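Reading the structure
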Amino acid sequence: MVRKHFRYLIIGNSAGGIGAAEAIRETDKEGSLAILSDEPYHTYSRPLISEYLAGERTIEGIYFRPADFYKQKSVQAILGKKAAALDLAGRLVRLESGEELTWERLLLACGGKPIVPPMKGDGLEGRFNFITLNDARKLRPALKKAKEAVVIGGGLIGISLTEALVKSRIKVTIVEKMGRVLGAIVDANVSRLEEARLKKAGVKVVTGHTVQEVVASAERPEAVGGVVLDNGQEITCQILGVAVGVSPRGELVEGTDIKKGRGIVVDRHMATSHPDVFACGDAAEAYDFVYGVARLTPIWPNAYIGGRVAGFNMAGKKAVYPGGTVMNSLGYFGLPIASAGLFDPPEGNGYEALSHLEGETYRKVILKDGRIAGMAMVSDIGRAGIIFGLMREGVNVSSFKEALLSDEFSLPRCQMTCGREGSARNWLHR
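Figured I'd write up the structure that's included with this text.

Quick notes on the rules
Numbering of residues starts from 1 in every chain and runs along the sequence as written. Residue-level local features of this predicted model are given only where pLDDT is at least 70; pairs of side-chain atoms are given and counted only at 80 or more, and the full residue set underlies all totals for whole chains, interfaces and linings. Heavy atoms throughout the structure, all of them, feed into the side-chain values; hydrogens and water do not. Here, a strand pair is defined by DSSP locating no fewer than two bridges between the strands. Each helix is a run of DSSP H or I of at least 4 residues and each strand a run of E of at least 2, with the numbering of both proceeding from the N terminus. For every element, the axis is a line fit to its C-alpha atoms; helices are fit only across the contacting stretch, and the angle between N-to-C directions ranges from 0 to 180 degrees. We call two residues in contact whenever any of their non-hydrogen atoms come within 4.5 Å of each other. Each crossing gets its handedness from the near helix: less than a right angle anticlockwise from the far helix is left-handed, clockwise is right-handed. Residues are grouped as follows: nonpolar covers Ala, Val, Leu, Ile, Met, Phe, Trp, Tyr, Cys and Pro; charged covers Asp, Glu, Lys and Arg; every other residue, Gly included, is treated as polar.

1. A closer look at the sheet that holds strand S14 (residues 234-236)
The strand order S12-S13-S14 describes an open sheet built from three strands, whose pairing is antiparallel. If you trace the sheet from one side to the other, it starts and ends with strand S12 (211-216) and S14, each paired once. Mean inter-strand twist for the sheet, computed between neighbouring axes without regard to direction, equals 25°.

2. Here we look at the sheet that holds strand S22 (residues 337-341)
Read from one edge to the other, the open sheet built from five strands follows the order S21-S22-S25-S24-S23, with strand pairing classed as antiparallel. Looking along the sheet, the strands with just one partner apiece sit at the ends: strand S21 (327-330) and strand S23 (351-358). For this sheet, the mean inter-axis angle between neighbouring strands, taken without regard to orientation, is 10°. With seven bridges connecting them, strand S24 (residues 361-368) and strand S25 (residues 371-378) associate as antiparallel partners. The residue bridging Lys368 from the neighbouring strand is Arg371, located in S25. Sitting on the sheet, helix H8 (residues 384-393) touches S21, S22, S24 and S25, and the angle it makes with S25 is about 165°.

3. Quick look at the packing of helix H1 (residues 15-27) against helix H7 (residues 300-314)
Where H1 contacts H7, the two axes come as close as 6 Å, and the packing angle between them is 35°. When the axes of H1 and H7 are compared, the crossing they make is right-handed. Where H1 abuts H7, its residues Ala15, Gly16, Ile18, Gly19, Ala20, Glu22, Ala23, Ile24, Glu26 and Thr27 lie against Trp300, Ala303, Tyr304, Gly307, Arg308, Gly311, Phe312 and Met314. Taken together, the residues of the contact of H1 with H7 sort by class into ten nonpolar, five polar and three charged.

Dropping the structure here:
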């Protein structure tokens, strides 16, 4: 039996794991450090797999860090091997291969796994997830033969996949269970603008329904030939993409004393209930500064920042997670959108919504007791970073709230206004 010991062991080779490795090496240049991943690839940017699928980037073109990153940081990359069990008492991770890795500090940056809704007939050739590079590589050959596709899910992953398919000259129908696309992250106005762009590109959008059955092809009974919706509607397709979302990968902590809710629960140091085990990214419930509690916020920037905080603390340098929230910047089908925090606040309780809509230009800010709790920008998103900064720092914007939506709102004006308010806490200069 092969057993290796590391001072630091990171499970996960994406944003959180890389952020942690970099932070560890900023603090500890010598301690042995390994990254374990069940994927065989160099670290890559998951948001870019749609560009790889569309043929716009090579695999090397979606690398998250230079090809010699692991060598630069003295990291032993253990790739293409999966963790099977976690033994906290023995400070040991057992791999499916039978190898064992022992550790002094452990980070669980395991990410998420695709949510697959129950469907009769699932399992036919031509049904794909769209979370990893492997998913995109498996799907790519099918583009040469297919003419039609159904994508289950009208959220970020579904629209990302849809754009790649459209670029590959495939006719796409999106089937979304909610009443509108992007319904989990933006309000109805933004959804309407995005849906209009989808339809302009020739995409059919079916909302309020689900796929009930996957139907085999008459010519190839082992392959997908279409789907049947819950209302009986039949849609022909040769590709079925499942892009409903992800759920936290927390299997390793099952049966251990590590506290788990929907994800692995962490404190503001990204530490779990075990003193030497940390977690971050899609697998973790971390502090959300809008809601003031630990929540799942499965987005790339939060994973990276959380990973860095975990890495510093693992190496003995105290760091506090400033908190993240749901935030997205996207430009699918040529429509720039930036959103963060709340998008449909509850009535009363100190909430106020300010908005302006003109054509495809949309601006919305949600206030809670004078402080920004949410924002959405469409088309003209240049000010989104400024507004998010005010939101993150909890600046009271009551005296200039109307200016947030004006055409003249800018960084210099914000600096002047914040200076007069005396409440910006120098956020612009951090």
